[in-house]
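Per-entry structural report
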Amino acid sequence: MPIYKAPVEDMSFLLNDVFQIDRYDNLPGFSDASADVREAILSEAAKLAEEVLQPLNRAGDIEGCTRHDDGSVATPKGFKEAFRQVAEGGWLGLSSPTEYGGQGLPVTLMQAVTEFQSAANMAFSMYGGLTMGATAALIVHGKPDQKKMFVPKMVAGEWTGTMNLTEPQCGTDLGLLRTKATKQADGSYKISGTKIFISSGEHDLTDNIIHLVLARIEGAPSGIKGVSLFVVPKVLVNADGSLGERNGVTCGSIEHKMGIHGNSTCVMNFDNATGWLIGEENRGMQGMFVMMNEARLGVAVQGLGQSEVAYQNAVAYARDRLQGRSLTGPKAPDKPADPIIVHPDIRRTLLTIRAFNEAARAMVIWTALKSDVAHRSSDPKDREAADDHMGLMTPVMKGFLTDTGFANAVQAQQVYGGHGYIAEQGMEQFVRDSRIAMIYEGANGIQALDLVGRKLPRDGGRAVMSFFSEVMAFAKDHGAEEAMKPYVGPLSTALGHLQQATTWLMQNALAKPDNAGAAATDYLHLFGFVTLGYMWARMAKVALDKIAGNGATPYLTTKLVTGRFFMERMLPETHVRLARIQSGCATTMELAAEAF
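The present account deals with the structure reproduced in this document. (Residues numbered from 1 in each chain as written. Predicted model: local features only at pLDDT ≥ 70, side-chain atom pairs only at ≥ 80, totals over all residues. Heavy atoms only, no water.)

1. Quick word on the side chain of T274
- On the secondary structure map, T274 appears in strand β11 (residues 265-278).
- Of note is the side chain of T274, whose polar atom sits 2.9 Å from the side chain of K190.
- Residue contacts for T274: discarding those within four places in its chain leaves S188, Y189, K190, V231, V232, P233, L236 and N247. (Helix = DSSP H or I, 4+ residues; strand = E, 2+ residues; numbered from the N terminus. Polar contact = N/O pair within 3.5 Å; in protein donor to acceptor, adjacent residues only side chain to side chain. Contact = heavy atoms within 4.5 Å.)

2. Section: unusual backbone geometry
- A positive phi angle, close to 60°, is found at F197, a residue other than glycine.
- At N272, a position not held by glycine, the phi torsion is positive, near 55°.

3. Some points on the nonpolar core
- Counting residues in each nonpolar core, the largest one holds 151 residues, and the members touching the most others are F467 and Y523.
- For this core, the element with the highest residue contribution is helix α15 (residues 513-550), accounting for 18 residues.
- The residues touching Y523, leaving out its near neighbours within four places in the chain, are L451, V452, L456, V464, L498, A501, T502, L505 and I581. (Core = buried A, V, L, I, M, F, W, Y, C linked by side-chain atoms within 4.5 Å. Buried < 20%, exposed > 50% of the residue type's maximum accessible area, 1.4 Å probe, protein only.)

4. Examining the packing of helix α14 (residues 485-508) against α15
- Put simply, α14 and α15 touch, their axes get as near as 9 Å, and they point 155° apart. Relative to α15, the element α14 lies roughly antiparallel. Note on packing geometry: the crossing formed by α14 with α15 is left-handed. Contacts from Y487, L491, A494, L495, H497, L498, A501, T502, W504, L505 and N508 of α14 reach α15 at N515, A516, A519, Y523, L526, F527, V530, G533, Y534, A537 and A540. (Axes fitted to C-alpha atoms, helices over the stretch in contact; angles between N-to-C directions. Parallel < 35°, antiparallel > 145°, perpendicular 65-115°, else oblique. Left-handed = near helix turned anticlockwise from the far one by under 90°.)

5. Here we look at helix α11 (residues 427-435)
- Counting buried positions along α11 yields eight of nine residues, so the element is predominantly enclosed.
- Within α11, burial applies to M427, E428, Q429, F430, V431, R432, D433 and S434.
- Where α11 is buried, its residues touch α3 (57-63), α6 (122-141), α8 (284-320) and α10 (380-415).

6. Quick word on the environment of V373
- As for its position among the elements, V373 is in helix α9 (residues 344-376).
- For V373, a relative accessible area of 12% puts it in the buried group.
- Remark: the alpha-carbon pair of V373 and T588, spanning 215 residues in sequence, is separated by 42 Å.
- If we ignore the near neighbours within four places in the chain, the residues touching V373 are Y24, L27, D382, R383 and A386.

7. Structural notes on the state of the cysteines
- One pass over the structure, following the stated rule, counts zero disulfides.
- Lacking any disulfide linkage, C65 is separated from the closest cysteine sulfur, that of C266, by 7.6 Å.
- Unpaired in this structure, C266 has its nearest cysteine sulfur neighbour in C251, at a distance of 3.7 Å. (Disulfide = S-S within 2.5 Å.)

8. Some details on the pairing of strand β9 (residues 243-246)
- Pairing geometry for strand β8 (residues 235-237) and β9, over two bridges, is antiparallel. The partner of V235 across the bridge, within β9, is R246.
- Linking two consecutive strands that pair antiparallel, namely β8 and β9, is a turn of five residues; a positive phi of about 90° is found at G241 within it. (Pairing = 2+ DSSP bridges.)

9. Notes on helix α1 (residues 8-18)
- Among all positions in α1, only D10, M11, F13, L14, L15 and V18 are buried.
- Looking one or two residues beyond α1, the residue adopting positive phi is Q20, at roughly 45°.

10. Some thoughts on the environment of S307
- With respect to the helices and strands, S307 occurs in helix α8.
- Sequence spacing of S307 and L401 is 94 residues, and the spatial spacing of their C-alpha atoms is 9.2 Å.
- Side-chain polar atoms of S307 contact the side chain of N408, separated by 3.0 Å.

Quick look at the structure:
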């Protein structure tokens, strides 16, 4: 059976030592997250993930969700009780504003908890994750009465939330959506249409589900400029907050899908359902983007979480599985064969996954801190810089972490050989579950185009130039230190590749846009590798300083070796990505469509 142990020590190292979270105590909520509080939160979150959520993961995958004839949906056995524990523990409101019943703690802590839950049980974690995203959109764009009616119940986990975008004829291009909204005399709207692929669309975990729905008001302009956002509860809410009549929204069917079987991915039918406008008419994407950006960062963490749990199980198997002898002589002479962890190729595989996981975790915490600054700082310049970072890094994180997370799940499965292909080992579930993260919340090709076409030129390239400056300053400050040379040297080389690629795009994409399209995915991955390299250099610097001050520990020495592996064996990938980018679009676009 699969195992999972939350990486609490690694998370604490990042929060306390690498990013020094206590330096942010001037921001609202941070002073309440003292070292003792952080330790307690991580410890309890780990316990919940390991003891409650992880044991339900494979069972939930096997059982799946069941739709009944009346349109109701039953989640797998144990999910309802587990969700009650999550709600009663206050986990959904950990970083939500206190005025709505949340604890107001940093989003950074919430992202740490999200990794634990996503790794332990990705399908289950989506019920809460989407609720938090819907809550964020309502808080930013909802009217006062909407916030009062819906948000406290969602923060408390009494009700859940969804996002309803995709329709049978449109996915990313939401300007093609057909769901219509007809205004009523009382100011409400009647919503009619069909949405597909709606995660957590119907279930038995809570008494009400608050749907955020994109629709087109009758007479609105065509395309994306005519799309509005509505809040449509499953059950209508009376003025006193009690539940009233059932609304005209039902689950038409449950999608039969590759993975995340424990999450109810539904076809949702809106039949004159009553809804209320969120924000302004025809500006629905402003509100939905709040939720989508929250969701994209959550999906990036899913990629990391599945990579981490797959790695842990592959390591356990590699330590136990006996196969062949070490190339340098027997390492377990008392046994008929050596454990496969002695073989260089197995170690290469495991270190590749581990080196990614630890740097990706650092990237998540780094970016989560920027999110906290963007939303909580009173300094406009700090907020602007943090917002620049979020805009630049969101597509990189979503695309790179999920692409690599899936690849790592496949590599971890390979460690098992034939046993990895057998369901009871659990590895094939990690492969299936991680695959969706590359697709939903904007397929990764779209993330790459967003990065190259929108985020790089935004505000005259201010965000990317700030990133370059930060990495170059770090390299300048520490490049002469002998112990840091194995980290700073490769990082500087890789940064040079990214700068060359950026310049090439600036010179070749405007006149010939297909150059940008052909280069986009390679550029996103190049950016991802450089960012992880920067994270490794920062972690190495902290580890070296701690060793110099207090002596070496197994954790710190392992950290340094893993970082060197990344620099020597993984970061050189940037050279390949640069070569692909600079080759242009000629051969990519040369063939006629009929030739494929």
